Amino acid sequence: MPLLQTKNVDYFYQDGDTRRYILKDISVGFEKGRLYSILGQSGSGKTTFLSLISALDTPKEGEVLLEDEDIKKMGYEAFRRNKISIIFQSYNLIPYLTAVENVLVPMSVTDNQLPDNHSTVAYNLLDYIGITKDKANRLVNQLSGGEQQRVAIARALATNVDIILADEPTGNLDEEMEQEIVDIFKELAHTHNKCVIMVTHSNEIAQQADEVLVLRKGVLRPYE
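Predicted, not measured: the structure shown is a model, and the values here were computed from it.

**Side note on the packing of helix H4 (residues 99-107) against helix H5 (residues 118-128)**
Running from N to C, H4 and H5 point in directions that differ by 120°, and their axes come no closer than 9 Å. As far as their axial angle goes, H5 and H4 are oblique. Classified by chirality, the crossing of H5 by H4 is right-handed. Contact with H4, carried on its side by Ala-99, Val-100, Val-103, Leu-104 and Met-107, involves His-118, Ser-119, Val-121, Ala-122, Tyr-123, Leu-125 and Leu-126 of H5 and no other residues of that element. Here the residues of the contact of H4 with H5 are counted per class, giving ten nonpolar, two polar and no charged.

Here it is as structure tokens:
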């Protein structure tokens, strides 16, 4: 049974009597221990799909299921707080906080069981993804783009969720740094048994995933 799946998901805008479909009849499953990429051009609906499986938006028709249960039954806010983490292209860090303080924020609101010493966990996570203690104590706007993306990854790991979603996570990075970020995602999936789903417009990045899906004209299909 997939950890996360969609069943017959549609998303559309109503234009008078006409439905303008962004996503059409998408049924797909995602498992732990695998890195998935969703490949598509700008405007193909990738971010909309990510918004639906992260409960930032809701399908017009169909269901998003976690372990075979519709996520709306557990509550969208609880699902976002306790079941998934999102890594944004623009990082979405809080600029007036340090790196370690940014990682501590989601730990203070989740209902998940975490070790008592949150600060130690936060520093360890940052160290794991390559942020030294000195840099962890700096305001995030004093860090490079690649370092900020690493902080965003550490923040995503802080609540010990099984599902990590990434929206164009390498879009603002140079080639060397983007490869380092993809390597971190591979390790999270293969070593730490996370379900990692990233959307990208880069064929080169997408091909490094265990499974590549292509979103075109609102339809999601395996890469051929």
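**Topic: the UniProt feature "domain: ABC transporter" (unreviewed entry) in the protein**
The UniProt record annotates "domain: ABC transporter" (unreviewed entry) at residues 4-224. Taken end to end, residues 4-224 has its terminal C-alpha atoms 23 Å apart, with 34% of it in helix and 29% in strand.

**Notes on H5**
Each turn of an α-helix holds 3.6 residues, which means side chains three or four residues apart point in the same direction. Among the residues of H5, Ala-122, Leu-125 and Leu-126 are the ones counted as buried. Projection of H5 onto a plane perpendicular to its axis shows the buried side chains occupying an angular sector of 95°, all on one side. As for H5, its buried residues are in contact with H4, helix H6 (133-136) and helix H7 (145-157). Backbone geometry just downstream of H5 places Gly-130 in the positive-phi region, at approximately 100°.

**What to know about the sheet that holds strand S10 (residues 219-222)**
In a beta sheet, neighbouring strands are held together by backbone hydrogen bonds and run either parallel or antiparallel to one another. With respect to topology, six strands assemble into an open sheet ordered S6-S7-S8-S3-S9-S10, the strand pairing being mixed. Every other strand in the sheet has two partners, leaving strand S6 (84-87) and S10 as the edge strands with one partner each. The mean inter-strand angle of the sheet, taken between neighbouring strand axes irrespective of direction, is 20°. As paired strands, strand S9 (residues 211-216) and S10 are joined by four bridges and run antiparallel to one another. Bridge pairing in S10 places Leu-213 opposite Pro-222.

**Structural notes on the packing of H7 against helix H8 (residues 175-190)**
As a packed pair, H7 and H8 sit with axes 10 Å apart at the nearest point and diverge in direction by 15°. In terms of orientation, H7 and H8 fall into the roughly parallel class. Considering the relative orientation of H7 and H8, their crossing is right-handed. Here Gly-146, Gln-149, Arg-150, Ile-153 and Leu-157 of H7 lie close against H8, whose contacting residues are Met-177, Glu-180, Ile-181, Ile-184, Phe-185 and Leu-188. A class-by-class count of the residues in the contact of H7 with H8 yields seven nonpolar, two polar and two charged.

Parameters at a glance
Residues numbered from 1 in each chain as written. Predicted model: local features only at pLDDT ≥ 70, side-chain atom pairs only at ≥ 80, totals over all residues. Heavy atoms only, no water. Axes fitted to C-alpha atoms, helices over the stretch in contact; angles between N-to-C directions. Helix = DSSP H or I, 4+ residues; strand = E, 2+ residues; numbered from the N terminus. Parallel < 35°, antiparallel > 145°, perpendicular 65-115°, else oblique. Left-handed = near helix turned anticlockwise from the far one by under 90°. Contact = heavy atoms within 4.5 Å. Nonpolar A, V, L, I, M, F, W, Y, C, P; charged D, E, K, R; others polar. UniProt positions renumbered as here; feature names shortened; annotations may be inferred. Buried < 20%, exposed > 50% of the residue type's maximum accessible area, 1.4 Å probe, protein only. Arc of directions from axis to C-beta. Pairing = 2+ DSSP bridges.

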